[in-house]
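Structure at a glance
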Amino acid sequence: MRFARLPVAAALLAAVCLPAAAQTLYPINRAEILAGSRFDLKVEFPGPVDAASVKLTLNGQDYHKLLGKSASLIPDETGKGASSLILRDVTLTKPGQYSVEASDGTNTRKVVWNVYATPAKPVAKNVILFIGDGFSVAHRTAARILSQGIEDGKLKGKLAMDELPAMALLSTQGTDSIITDSANAAHAYTTGHKSCVNALGVYCSRAANSLDHPKVETLGELAKRNGLAVGAVTNSEIEDATPAAMVAHTRRRSDFNDIVKMFYDTKIDVIMGGGSPNFLPKSTPGSKRTDEVDYIEQFKGAGYAFTTTKAEMAAAADDKKTTRLLGLYNTGNIDGALDLKFLKKGSVSKFPDQPDVVEEMKAAIKILSRNKKGFVLMVESARIDKYSHSMDAERAIYDTIMLDKAVAEAKRWSKANGNNTLILVTADHSHGVSVVGTVNDDAPGSDMRNKIGTYEDAGFPNYPAPNAEGYPEKVDVSKRIRLVFANTPDYYETFRPYLDGENVPAIKNAEGVMVANEKYKDVPGAVFRTGNLPNVGPRGANQGVHTGDDVVLTAGGPGSAAVHGQMENTDLFRVIADALALGKPAATGKK
Amino acid sequence: MFSSQFAGGSRRRFFFGLAVLLASPLLRAAELLSFDGLYKSNTVLGLKFAERTLALKGQNVRLRGYMAPPLKPESKFFVLTREPVSICPFCSSDAEWPVDIVVIYASKTVIPTNFSERIEVEGTLEVGSHTDPATGFVSQLRIRDASFNKLR
């Protein structure tokens, strides 16, 4: 009797303790997996296991039968004796629900995956995915006011993106937090999987090396595998998180040198942005590589045209033989629209012939559309985010106008070229921005705070009518839009655009505390504002930070009807996959 | 009074004396370099050192800039930048650094200054690619055995 009871008690105890000691599986519970897409399966056990007692099943069948591969056991992954099981590069082509169970002989953990197929035939030939990095509703409102103007209480015109028929709100949270960064946010769009802050193309496992985490296939890889041409153009460094999400697999977005290699290995067809130092061999002054690989030569050797200025880019795109292009136009980020076109600050004097995002996109479309099967292009207006981090409202608004000008061009191109391009315009995450009124220099008194117009006193700003390109040519007008930032470090509020260069609101002091940048202390009318973000420690903020508000997705073209209501950011990937039929069972030869 | 002191022959003698002083190797002040003058060109394809930078290799030099927040605490190593750096809290790797930084190896452990205060560094100029063994940070220019002072 005694002996018979003990195992029951032990089993009960094990079952009760299960959650604390259970293994972790990747892809995670509730993962949505595109049929035929490649992924890594990983099981992390809480302690040591021996191969003989480990059991892994999919819908009750041994994993090997469905996945056709054997997993490898890492006996001690953590250095503390915890084992893991890893199975790289597998696919599931049969759609449906998969119950995945992993047992170490004592504990069992179950997760459920949903494998989905797409229609067998694509409805769209091409997809252009516009990402305004950090692009929030207030940016859109402000860009509309500045680029269209208001008359009789109505806008004189709409933004090009406003006139796309479909719209949805996207929630952007990830596996670790209600707040995302540009890495796991873009990853959601390019893989359809949720991940954690800083991660691209991987789940965040306990692997020590940033490149060893379980991978999921990216849109760039999938589209290339399906015979489509693929491009990524941006005005950030090309290795930055958003464009990198088209190709990259790393837990750490700052692995720029590895990301350059991933661009090269994936061979997406058009790659344009800033960030040349990570392409140069270490011995070249100005390089940021840690090896001697000359990636510019590598790309040229693989048949890419290489351009460093707008003029070279235009010539290469016009050359009908060009089907691949690497364009690097700055060592850092390409200057934003306000600097590039009007103020000539930033690095414009050093790099006087940089293309803007609209010009990059037009060149990219020319090249990619030479592929008869179609293309996927990511177009990023990256500095809406960077200027919102630096609390530089005007620069962020001008780059939002630039994003919309690119959307307008894409719509024109699509209309003239078969109307078979799915156009998606969204943000990866939000910033804490809001339009609260205007600042009127001519209001009475000297106190700038009391020159802020609210309600009817806000009236309308007096920017000049937009120029032919769509931008007001003067930003420092006497009655300006007041776009404020909700989440800030300590800083000096100047109530004015930063005509001498991008704002730097706060700086770390010798004690490691983020303090207001004294540079703006003596600007006439400047006042000190105590911040509301952490100012010490690893997450001490010297700038504005991302927020967790939903972002707007607007869409038009074939496949856009799927965009409606409230969606997860990962659903955007499925909209693209469906439109291009990337998950048709015939896409791979495997089971 | 002031003008007559430097008039005529006495002024010539003064400048002659100054020239002798400057030419003396023991008393010669370290040459003051500027960030603008370190390179003759800065393009997408890399930086090209200025002739003067190459000529001063191994010499004692001075350079003014801003201390970036240290990569490691209690280190002799820091990065000198042209402008105060505002590092993205999400991306604190060398990925976000300006390309024209100069790495400083101080003669003793660095006590950080206020990062928005301009400092002058003096030490031996080293030119060419080098990877810091402790941080993996790659630099093209370094000033070794350096000391630094706050600029007023």
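All of these numbers come straight from a predicted model, not from anything done at the bench. (Residues numbered from 1 in each chain as written. Chains lettered and ligands numbered in written order. Predicted model: local features only at pLDDT ≥ 70, side-chain atom pairs only at ≥ 80, totals over all residues.)

**Examining the overall build of chain A**
Secondary structure summary: chain A contains 15 helices and 30 strands in total. What you see for chain A is a C-alpha radius of gyration of 26 Å, in line with the 25 Å of a compact globule of 591 residues. Across the 591 residues that make up chain A, the buried fraction comes to 53%. Once local pairs closer than 6 in sequence are excluded, the contacts in chain A between residues at least 24 apart make up 70%. (Helix = DSSP H or I, 4+ residues; strand = E, 2+ residues; numbered from the N terminus. Rg over C-alpha atoms; globule rule 2.2 N^0.38 Å. Buried ≥ 20, exposed ≤ 12 C-beta atoms within 10 Å, placed from the backbone. Contact = placed C-beta atoms within 7 Å.)

**Quick notes on the overall build of chain B**
Regarding its fold elements, chain B presents three helices and eight strands. Secondary structure elements of chain B occur, N-terminal to C-terminal, as α-α-β-β-β-α-β-β-β-β-β. Burial statistics for chain B: of 152 residues in total, 27% are counted as buried. Excluding contacts between residues fewer than 6 apart, the proportion of contacts in chain B whose partners are at least 24 apart in sequence is 66%.

**Details of the domain arrangement of chain A**
Residue and element names in this part refer to chain A. When its domains are assigned, chain A resolves into domain 1 (18-116), domain 2 (128-274 + 352-433 + 547-584) and domain 3 (438-545). Averaged C-alpha coordinates put domain 2 and domain 3 at centres separated by 28 Å. Residue-level contacts link 24 residues of domain 2 with 25 residues of domain 3. Secondary structure elements with two or more residues in the side of domain 2 that touches domain 3: α3 (137-148), α12 (383-389) and α13 (393-416). For the side of domain 2 that touches domain 3, the element with the highest residue contribution is α13, accounting for seven residues. Split into classes, the residues belonging to the side of domain 2 that touches domain 3 amount to twelve nonpolar, eight polar and four charged. (Domains from an automatic or database assignment. Nonpolar A, V, L, I, M, F, W, Y, C, P; charged D, E, K, R; others polar.)

**Some words on the sheet that holds strand β21 (residues 433-440) of chain A**
Think of a sheet as strands paired side by side through backbone hydrogen bonds, with each pair either parallel or antiparallel. All names here are of chain A. With antiparallel pairing, three strands are arranged side by side in an open sheet as β22-β21-β23. Lying at the two open borders of the sheet, with one neighbouring strand each, are β22 (452-453) and β23 (479-485). As judged from the seven bridges shared by β21 and β23, these two strands associate in the antiparallel manner. Counted as the bridge partner of Val435 is Leu483 from β23. Where α3 meets the sheet, its contacts fall on β21 and β23, and the angle it forms with β21 comes to roughly 40°. (Pairing = 2+ DSSP bridges. Axes fitted to C-alpha atoms, helices over the stretch in contact; angles between N-to-C directions.)

**Looking at the confidence of the model for chain A**
Residues and elements named next belong to chain A. Considering every residue of chain A, the mean pLDDT works out to 94; 95% of them sit at 70 or more. Per-element confidence in chain A is highest for strand β10 (residues 126-132), whose mean pLDDT is 99, and lowest for helix α1 (residues 2-21), whose mean pLDDT is 41. Per-residue pLDDT stays below 50 along residues 1-19; that stretch engages in three contacts with residues further than four places along the chain or on separate chains. Of the regions scoring below 50 in pLDDT, residues 586-591 engages in eleven contacts with residues more than four places distant in sequence or in other chains. (pLDDT = per-residue confidence, 0-100.)

**As for the packing of α3(A) against α13(A)**
Residues and elements named next belong to chain A. Closest axis-to-axis distance for the α3/α13 pair is 9 Å, and the angle between their directions is 80°. By the angle class used here, α3 and α13 are roughly perpendicular. Of α13, the residues touching α3 (which contributes His139, Arg140, Ala142, Ala143, Leu146 and Ser147) are Ala396, Ile397, Thr400, Ile401 and Asp404. Residues of the contact of α3 with α13, tallied by class, amount to six nonpolar, three polar and two charged. (Parallel < 35°, antiparallel > 145°, perpendicular 65-115°, else oblique.)

**A short note on the interface of chain A and chain B**
Contacts between the two partners involve 33 residues from chain A, matched on the other side by 27 residues from chain B. Grouping the amino acids of the side of chain A that touches chain B by side-chain chemistry returns ten nonpolar, 15 polar and eight charged.

**What to know about the sheet that holds strand β1 (residues 24-26) of chain A**
Residue and element names in this part refer to chain A. Here four strands make up an open sheet; going across it, the order is β1-β3-β7-β6 and the pairing antiparallel. For this open sheet the edge positions go to β1 and β6 (72-74), each flanked by a neighbour on one side alone. If you compare each strand with its neighbour and ignore which way they point, the axes differ by 15° on average.

**Some words on the nonpolar core**
As a rule of thumb, nonpolar side chains are buried together in soluble globular proteins. Core analysis: the largest hydrophobic core is formed by 180 residues, its most contacted members being A:Phe130, A:Ala364 and A:Ala406. With residues up to four places along the chain from it excluded, the contact list for A:Ala364 reads A:Gly231, A:Val233, A:Val270, A:Met272 and A:Leu377. (Core = buried A, V, L, I, M, F, W, Y, C linked by C-beta atoms within 7 Å.)

**A closer look at helix α9 (residues 310-318) of chain A**
Residues and elements named next belong to chain A. Buried within α9 we find Met313, Ala316 and Ala317. Projected down its long axis, α9 shows its buried positions confined to an angular sector of 95°, all on one face. More than 90 degrees from the buried face of α9, the exposed residues found are Ala311 and Asp318. Packed against the buried residues of α9 are β16 (305-307), β17 (325-328) and α11 (357-368). (Arc of directions from axis to C-beta.)

**Some details on unusual backbone geometry**
The peptide bond linking A:Tyr26 to A:Pro27 adopts the cis configuration, its omega dihedral lying at -5°. Among the structural elements, A:Pro27 can be located in the loop between β1 and β2 (32-34). One non-glycine residue with positive phi stands out, namely A:Met391, at about 55°. Looking at the secondary structure, you find A:Met391 in the loop between α12 and α13. You will see that B:Asp145, though not glycine, has its phi angle at about 50°, which is positive.

**Points about the environment of A:Ser430**
Topologically, A:Ser430 is positioned in strand β20 (residues 430-431). Ignoring any residue separated from it by four or fewer positions in sequence, one finds A:Ser430 in contact with A:Gly134, A:Ser136, A:His546, A:Thr547, A:Asp549 and A:Val551.

**Examining the environment of B:Ser129**
All names here are of chain B. Turning to its location among the elements, Ser129 is positioned in strand β7 (residues 118-131). Residue classification places Ser129 among the partly exposed residues on the basis of 17 C-beta atoms within 10 Å. On a C-alpha basis, the gap between Ser129 and Gln140 in space is 4.5 Å, while along the polypeptide they are eleven residues apart.

**So, the pairing of strand β2 (residues 39-43) of chain B**
All names here are of chain B. Both β2 and strand β3 (residues 46-49) contribute to a ladder of four bridges, which runs antiparallel. Its bridge partner being in β3, Tyr39 is matched across the sheet by Phe49. In sequence, β2 turns back onto β3 through a hairpin of two residues.

**Describing the packing of α9(A) against α11(A)**
All names here are of chain A. Contact pair α9 / α11: the axes reach a minimum separation of 9 Å and the direction vectors enclose 20°. Here α9 is positioned roughly parallel relative to α11, judged by the angle of their axes. Read as a crossing pair, α9 and α11 show a hand that is left-handed. Contact with α9, carried on its side by Lys310, Met313, Ala314 and Ala317, involves Glu359, Ala363, Lys366 and Ile367 of α11 and no other residues of that element. Looking at the contact of α9 with α11 residue by residue, the classes come out as five nonpolar, no polar and three charged. (Left-handed = near helix turned anticlockwise from the far one by under 90°.)

**Quick word on α11(A)**
Residue and element names in this part refer to chain A. The terminal C-alpha atoms of α11 lie 16 Å apart, and with twelve residues this matches the ideal 16 Å at 1.5 Å per residue to within 8%. Along α11, the positions that sit buried rather than exposed are Val357, Val358, Glu360, Met361, Ala363, Ala364, Ile365, Ile367 and Leu368. Next to the buried residues of α11 lie β14 (229-237), β15 (270-274), α9, β17, β18 (375-381) and α13. (Expected span 1.5 Å × (residues − 1).)

**A short note on the confidence of the model for chain B**
Residues and elements named next belong to chain B. With 74% of its residues at a pLDDT of 70 or more, chain B shows a mean pLDDT of 77. Across chain B, helix α3 (residues 51-55) holds the top mean pLDDT of 96, while helix α1 (residues 2-5) sits lowest at 36. Considering only residues more than four positions removed or in separate chains, one finds that residues 1-27, a stretch of pLDDT under 50, has five contacts. Every residue in residues 88-95 is under pLDDT 50, and counting partners more than four places away or in other chains gives 15 contacts.

**Let's talk about the environment of A:Tyr387**
Residue and element names in this part refer to chain A. With respect to the helices and strands, Tyr387 occurs in helix α12. Judged by the 28 C-beta atoms lying within 10 Å of it, Tyr387 is buried. With 20 residues separating them along the chain, Tyr387 and Ile367 place their C-alpha atoms 30 Å apart. Those residues in contact with Tyr387, other than ones at most four positions away along the chain, are Gly336, Asp392, Arg395, Ala396, Asp399 and Glu502.

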